[in-house]
Structures are given as C-alpha cells and as structure tokens.
Amino acid sequence: MLHFLDPFRDFTLASVALRMLLTVLCGGLIGIERAFKRRSAGFRTHILICLGAAMTTMTSLYLVLVMHYYTDLARLGAQVIAGIGFIGAGTIIVTRRHRVKGLTTAAGLWLTAIIGLCCGAGFYEGAITATLLDLIAELWFSKLEYRMLADSREITLYVGYQAKESLDALVRYFQTVNVRITDMEITRNNDEQKKPCVVLTLQMNPTVSLDGVIRGIYHLPGISSVEEL
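Sequence order as written defines the numbering, with residues in each chain counted from 1. With the structure being a predicted model, the display of local features is reserved for residues of pLDDT at least 70 and the display and counting of side-chain atom pairs for 80 or more, all residues being used for whole-chain, interface and lining totals. Side-chain calculation: all heavy atoms of the structure are included, whereas hydrogens and water are not.

Novice: Would you mind showing me how to read the sheet that holds strand β6 (residues 223-228) here?
Specialist: Sheets are built from strands that pair by backbone hydrogen bonding, the pairs being arranged parallel or antiparallel. Any two strands between which DSSP finds at least two bridges are classified as paired. A run of H or I in DSSP counts as a helix once it spans at least four residues, and a run of E counts as a strand once it spans at least two, with each numbered from the N terminus. The four strands lie next to each other as β4-β5-β3-β6, forming an open sheet whose pairing is antiparallel. Looking at strand neighbours, the two that pair on one side only are β4 (180-187) and β6, the edges of this open sheet. Mean inter-strand twist for the sheet, computed between neighbouring axes without regard to direction, equals 20°. Pairing geometry for β4 and strand β5 (residues 197-203), over seven bridges, is antiparallel. By the bridge assignment for β5, Arg180 is matched with Gln203. Between two residues, a contact is recorded if the distance between any of their heavy atoms is within 4.5 Å. Axis lines are fitted to C-alpha atoms, over the contacting stretch for helices. Their N-to-C directions set the angle, which ranges from 0 to 180 degrees. Taken strand by strand, helix α6 (residues 164-176) contacts β3 (154-161), β4, β5 and β6, and its axis lies near 10° from that of β5. Contacts between helix α7 (residues 210-218) and the sheet are confined to β3 and β6, with β6 contributing the most and set at about 165° to the helix.

Novice: Explain the packing of aromatic side chains to me, please; I cannot follow it from the model alone.
Specialist: Here a ring pair, both rings aromatic, is described through the centre-centre distance and the interplanar angle of the planes. Working definition: a ring pair exists when centres of Phe, Tyr or Trp rings (six-membered ring for Trp) sit within 6.5 Å. Plane angles under 30 degrees give stacked, over 60 give edge-to-face, the rest tilted. Applying the stated rule across the entire model yields three aromatic pairs. For the pair Phe11 and Tyr62, a centre-to-centre distance of 6.4 Å together with 55° between the ring planes defines the contact as tilted. One end of the pair, Phe11, is in the segment before α1 (13-36); the other, Tyr62, is in helix α2 (residues 43-66), with 51 residues separating them in the sequence. Classification of residues uses two cut-offs on accessible area relative to the type maximum, computed with a 1.4 Å probe and protein chains only: under 20% is buried, over 50% is exposed, and between them is partly exposed. The partly exposed category is assigned to Phe11, whose relative accessible area is 24%. Judged by relative accessible area, Tyr62 falls into the partly exposed class, the value being 37%. Between Trp140 and Phe141, the ring centres sit 5.1 Å apart and the planes meet at 55°, which makes this aromatic pair tilted. A residue is classified by how much of its surface remains accessible, and Trp140, at 51% relative accessible area, is exposed.

Novice: Even after reading the chapter, I still don't get the packing of helix α3 (residues 73-89) against helix α4 (residues 103-121), so can you show me in this structure?
Specialist: Pairs of packed helices are described in terms of their axes, by the angle between the two and the distance that separates them. Packing of α3 against α4 brings their axes to within 9 Å, and their N-to-C directions diverge by 155°. Of the possible angle classes, the one that applies to α3 and α4 is roughly antiparallel. Our pair here, α3 against α4, has a crossing hand that is right-handed. For the pair formed by α3 and α4, the contact residues are Gly77, Val80, Ile81, Ile84, Ile87 and Gly88 on the first element and Ala106, Leu109, Trp110, Ala113, Ile114 and Leu117 on the second. Roughly parallel refers to an angle under 35 degrees, roughly antiparallel to one over 145, roughly perpendicular to one between 65 and 115, and oblique to any angle outside these ranges. Take the far helix as the reference: if the near one is turned anticlockwise from it by less than a right angle, the crossing is left-handed, and if turned clockwise, right-handed.

Structure, rendered in structure tokens:
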C-alpha cells in the first residue's frame, strides 16, 4: 500500500475530492480509448459510469460514518455490479452475419464501474492499477491478438448447391487451395423447390484471400449461393 495516500483514506472533504477526480481520470482514460475506436460507449459514458459507481460507494460510507446508520456498506456497491449489466447489454449487437460485436466494450463498462467502486472506497492503488492494465490490454494485447490470429483465421460459409456432385466438387476445391474444413453441417429439404445447403467452418490459408475463395466457389458447377455467416 502507498502510505502517502493514508491521509486521503479518511472520509474528509479532501479525500472525497481526490476520489471524484481520480474517478473522472480513470473513467476518462478508458473511455477515450473506446471513443478513438468509434465504439458505442465512449468518453463521457465511461466517466459517468465510473463517477456514478464511486458516488454509490461514498454514499454508503456517508450513511455509516457521518449519519451513523446501521447498514451494510457493500449493499449499494453490489447493486452497481449487477445493474451495470443492463447498460453493457445495450452495447452488444448481433450482425446480420450472426457475429457478436460489443463484448469488449461491455466488459470495459463493467470494469469501469468496479474501478469507480474502488475509487469511492479509497482503494486508489487498485483503481490506478486496473486502469493501467485495461489500457495495456486494449492498446497492446489487441494488436498481439490480431497478429496471433492472422495465421489461423476461421470463417463460416453458407453454401447452397444443387446436387451431391456439387458438394463433392466443393470439397475438392478446398483441398486445391489448401483450406481445411473443420466442421460441416449438411441440410437437405424434402421440398423440391428448396435447394440443399451446407454450413462450413473453414480454417483459412493465410496466402488465400476470402474474396478469392468465394469467387472460386461461385465458379463451381451447381453452386447457387455463397454467404459468409
């Protein structure tokens, strides 16, 4: 623990001011990174969530230390952790290609609320450390993740075809371009007007572009449709 911060751990005007300023700083640092990446929850949203969580903790402290009420200090803070899920859920969307986006922003909002609770409780070291680690994860680990996954791209394709021979030609095509099929789900319809389809999970070859693979599939005989999921 940083002992020079001990005078600010008591519930005084100076400590309250420090906690609120630190809350705005931590929430703003996380929020500005999200705003730079054009995410739905940005600079102001993270500041408000962090500040609101800090005020919740300080309200609990005020009721016990100043008003001398007999209450559970952790009760209000626990409601913040649970309630932030409603805001986080609003940042999560499912695209028309069935891809989930916004999970990182939702997790960042949840972490921001907990950092606010730390600031409000006077746990300055935890709040600052968590903010720095979050920025490292977002700014540096994200680039590391992209580099690690660059050679192991996995995609899902929906392919409509007309006959079994078309499916055999599709499998042979993937072998020629060195694309590995990791999962295959074939759907056959009893209705003659509806064509059969297959959902493929593919391990992409780094030297082959997705657009090139899709164009190659379209040129195969009997292929009626191709769509990335």
